[in-house]
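# Summary of the model geometry
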Amino acid sequence: MHKFAAAYRNIFFPKPVKPPFLHVCQVGDPVLRSKALPVPPEDIPKPETKQVISQMRQVMKTYDAVGLAAPQIGVPLRIITLEFSPKRKKEFGEEVYAAREMSILPFTVVINPHMEILDYKKITFPEACESLRGYSAMVPRFKAVKLVGQDQSGEEVELETKGWLARIIQHEMEHLDGKLYIDSMDRWVSRVRRGQGACVALVPQFSFNLDRAWTP
Ligand SMILES: [Zn+2]
């Protein structure tokens with residue numbers, strides 16, 4: 001009888017879910033708009049930090065994402081995870097892969113990342129975000145950036161990237177400062193020509209006739 005009562009209670013009064021979540025927070029959640037805090041060096045080896053990273057990896061898998069920032073799973077800490085797998089290369093196809101200067105990156109964790117711009121030229125491509133599911137916009141990003149931070153063992157990580165990886169990094173760094181790509185998107189996308197309708201910057205995902213947008 002007790003078991004039945006407990007099961008009944010769990011259905012109608014589930015325990016509150018606490019971060020780190022196994023889902024991605026959506027726009028409107030204040031955690032996406034606050035500045036994330038650095039992880040103190042002595043906390044990097046702690047099980048709590050490992051748990052956050054492990055759940056970020058799991059969520060990236062579930063959502064098929066190429067990047068994630070800890071605030072997206074409800075944790076306001078400066079941790080980002082990145083991955084561009086060979087499977088993803090196949091999905092985009094050789095032409096898009098080359099045009100957008102994509103490159104393979106195994107699963108990478110960067111704690112307390114600092115970004116340096118290596119090439120100020122801006123490149124515009126469609127971008128999407130798991131925290132704004134179902135939408136996409138054209139976003140200009142610097143062509144090349146360098147990222148420095150610590151990995152999950154506290155060792156220094158350094159990534160020099162260009163093209164697509166540089167884009168993913170800029171997107172994730174914005175998450176750590178409470179920004180979303182809609183704050184940086186090209187607001188004057190002329191895909192719908194002037195005179196033929198409104199200029200729409202944010203569009204339903206997959207409506208760009210290029211390929212699927214990526215979703216960090
Ligand atoms: Zn995002």
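Residues numbered from 1 in each chain as written. Predicted model: local features only at pLDDT ≥ 70, side-chain atom pairs only at ≥ 80, totals over all residues.

Naming follows an unreviewed UniProt entry, where the chain appears as Peptide deformylase of Penaeus vannamei. According to UniProt, the comment filed for the chain under the heading Function (unreviewed entry) is "Removes the formyl group from the N-terminal Met of newly synthesized proteins." Here is the UniProt Sequence similarities (unreviewed entry) comment for the chain, exactly as written: "Belongs to the polypeptide deformylase family." (UniProt positions renumbered as here; feature names shortened; annotations may be inferred.)

## Description of the pairing of strand β2 (residues 79–84)
Taken across its six residues, β2 has six buried, putting it largely inside the fold. In this sheet, β2 lies alongside strand β1 (residues 67–69) in antiparallel orientation, the contact comprising three bridges. Each bridged residue has a counterpart across the sheet, and for Gly67 the counterpart in β2 is Leu82. Summarising the sheet, β2 and strand β3 (residues 105–127) pair through five bridges and their orientation is antiparallel. Within the sheet, the bridge partner assigned to Phe84 lies in β3 and is Leu105. (Buried ≥ 20, exposed ≤ 12 C-beta atoms within 10 Å, placed from the backbone. Helix = DSSP H or I, 4+ residues; strand = E, 2+ residues; numbered from the N terminus. Pairing = 2+ DSSP bridges.)

## Some remarks on the nonpolar core
In this structure, Met56, Ala70 and Ile79 are the most contacted members of the largest nonpolar core, which totals 34 residues. Looking at this core, the elements with two or more residues in it are α2 (47–63), β1, β2, β3, β4 (135–150) and α4 (163–176). A per-element tally of this core places α4 first, with six residues. (Core = buried A, V, L, I, M, F, W, Y, C linked by C-beta atoms within 7 Å.)

## Looking at the environment of Leu22
Mapping Leu22 onto the fold places it in the loop between α1 (2–12) and α2. Among all residues touching Leu22, those that are not within four sequence positions of it are Gln55, Gln58 and Val59. (Contact = placed C-beta atoms within 7 Å.)

## Structural notes on the confidence of the model for the chain
Here the chain averages 89 in pLDDT, and 88% of its residues register 70 or above. This stretch, residues 209–213, has a pLDDT under 50; its non-local contacts, to residues over four places away or in other chains, come to eleven contacts. (pLDDT = per-residue confidence, 0-100.)

## Some points on the pairing of strand β5 (residues 156–162)
Note that β4 and β5 share seven bridges and pair antiparallel. Bridge pairing in β5 links Leu147 to Leu159. Once β4 ends, the chain turns through five residues before running back antiparallel as β5, passing Gly154 with a positive phi of about 90°.

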